[in-house]
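A closer look at the structure
Now for the letters of each chain:
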Amino acid sequence: MSQAADMKSPSQRVFLWSVPRSLSTILLKCLSYVRNFNLQVINEPYVSVHYYGPEKKLKNNNVEDMFQSVFTQAGTSVTNYNAYDDALSTYQWVKELLEGEYMGKDMVICKDHGYNLNGLYHMLPKGYKHTFLIRHPQKTFPSLKKITESVCSVDFTQLEQKDFPEPMHHGYQKLFELMEYVIDLGEPHPIIIDADDLQKYPESIVKQYCQAIGIPFSPSLLSWESGPDVMDTWITSKQVKGNNHLSDGGFYSAAFNSTSFHPPNKMLERSEVPKMLLPVIDDSLPYYEKMYQLRIKP
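In what follows, the accompanying structure is described. Just so it is clear, the structure is predicted and the values come from calculations on it, not from any experiment.

Topic: the overall build of the chain
Helix and strand content of the chain: 12 helices and 7 strands. Of all 298 residues assigned to the chain, the portion counted as buried reaches 54%. When contacts within the chain are restricted to residue pairs at least 6 apart in sequence, those whose partners lie at least 24 apart make up 86%. Summing over all exposed atoms, the chain offers an accessible surface of approximately 13,400 Å²; the carbon and sulfur share of this is 49%.

Brief notes about the packing of aromatic side chains
Per the stated rule, a full pass over the model turns up 14 aromatic pairs. The interplanar angle of 55° and the centroid separation of 4.8 Å between the aromatic rings of Y84 and W93 together place this pair among those described as tilted. Assessed through its relative accessible area of 9%, Y84 is described here as buried. Residue classification places W93 among the partly exposed positions, given a relative accessible area of 24%.

Overview of helix α12 (residues 278-292)
Taking 1.5 Å of rise per residue, the 15 residues of α12 would be expected to cover 21 Å, and the 20 Å separating its terminal C-alpha atoms lies within 8% of that figure. Along α12, the helix axis deviates most sharply at L285, where the bend reaches about 35°; the proline P286 sits within four residues downstream. Turning to α12, its buried residues are L278, V280, I281, S284, L285, Y288 and M291. Contacts from the buried residues of α12 go to β5 (129-134), α6 (137-152), α7 (167-185) and β6 (191-194).

Examining the pattern of salt bridges
Under the definition given, this model contains 8 salt bridges. Between K174 and E177 there is a salt bridge; the shortest N-O distance is 3.8 Å. Remark: E177 and K174 occur in helix α7; sequence separation between them is 3 residues, near one turn of the helix. K174 gets classed as partly exposed once you look at its relative accessible area, which sits at 26%. Its relative accessible area of 26% is what places E177 among the partly exposed residues.

Criteria and cut-off values
- Residues numbered from 1 in each chain as written.
- Predicted model: local features only at pLDDT ≥ 70, side-chain atom pairs only at ≥ 80, totals over all residues.
- Heavy atoms only, no water.
- Helix = DSSP H or I, 4+ residues; strand = E, 2+ residues; numbered from the N terminus.
- Buried < 20%, exposed > 50% of the residue type's maximum accessible area, 1.4 Å probe, protein only.
- Contact = heavy atoms within 4.5 Å.
- Areas by Shrake-Rupley, 256 points an atom, 1.4 Å probe, with all protein chains shown as cover.
- Phe/Tyr/Trp six-rings, centres within 6.5 Å; stacked < 30°, edge-to-face > 60°.
- Expected span 1.5 Å × (residues − 1).
- Bend = angle between axes of the 7 residues up to and from the residue.
- Salt bridge = Lys/Arg side-chain N within 4 Å of Asp/Glu carboxyl O.

That's the geometry; what it means functionally is another story.
What follows is the structure, encoded as structure tokens:
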């Protein structure tokens, strides 16, 4: 039998859904170092659709304009490896990308943010197991504020709440609604990881996650090489890849510079949180807490 005849499509396909600043890129980097297992990663295709493709859903405010300006410049520098043109990025094109054959791969895993779907659940690809990564909004939103101010030179004190980055408005709600949709589809117990659990008990959580989705676990998964080179094995768009390689520190520079999971930072006290963030934290907290009750435990 020829080598080509031996090749087969992956029997396992997995989604990892999250909100931004939830350690999803670190988890994806960790899984990318699995041994004796042919894993294909597809990174944030719906980010490309939502922000850069022909069907983009920008809010047309100053923050979104700044994102566009900074990220478009970054994306033009990416010309190699698995980076595809964002002009291709429609919901139908991404569906076909995710349903591709990927001959010889043991698994396809895709990471993205639920709000980028814009509720178009009928455009989800077939054959995927859906998993979720959550983090307390009192951690994610201060982190998102900090990285947005750094990368885009935005001063949040000068913004109205309606002009905050979109994840601060609907990120947790959309993630929760996606989970409910998945349950209604017939996955009564979707896998949910909390980021603090992942950092406090990495061996227990990573092992349970690997067992749940079908990746062989070994303790070697708990440490990996520093640097962004692993991303060259991921399928992603030019804009998304460029954003992560901004010269002054991309959105995922901490993830790419990591070599293991570190203990979680202490959450800010409510009195320490910038006041403009409190309303969006309070709006998001009920969705987070409902998902937190369903998480896998150490």
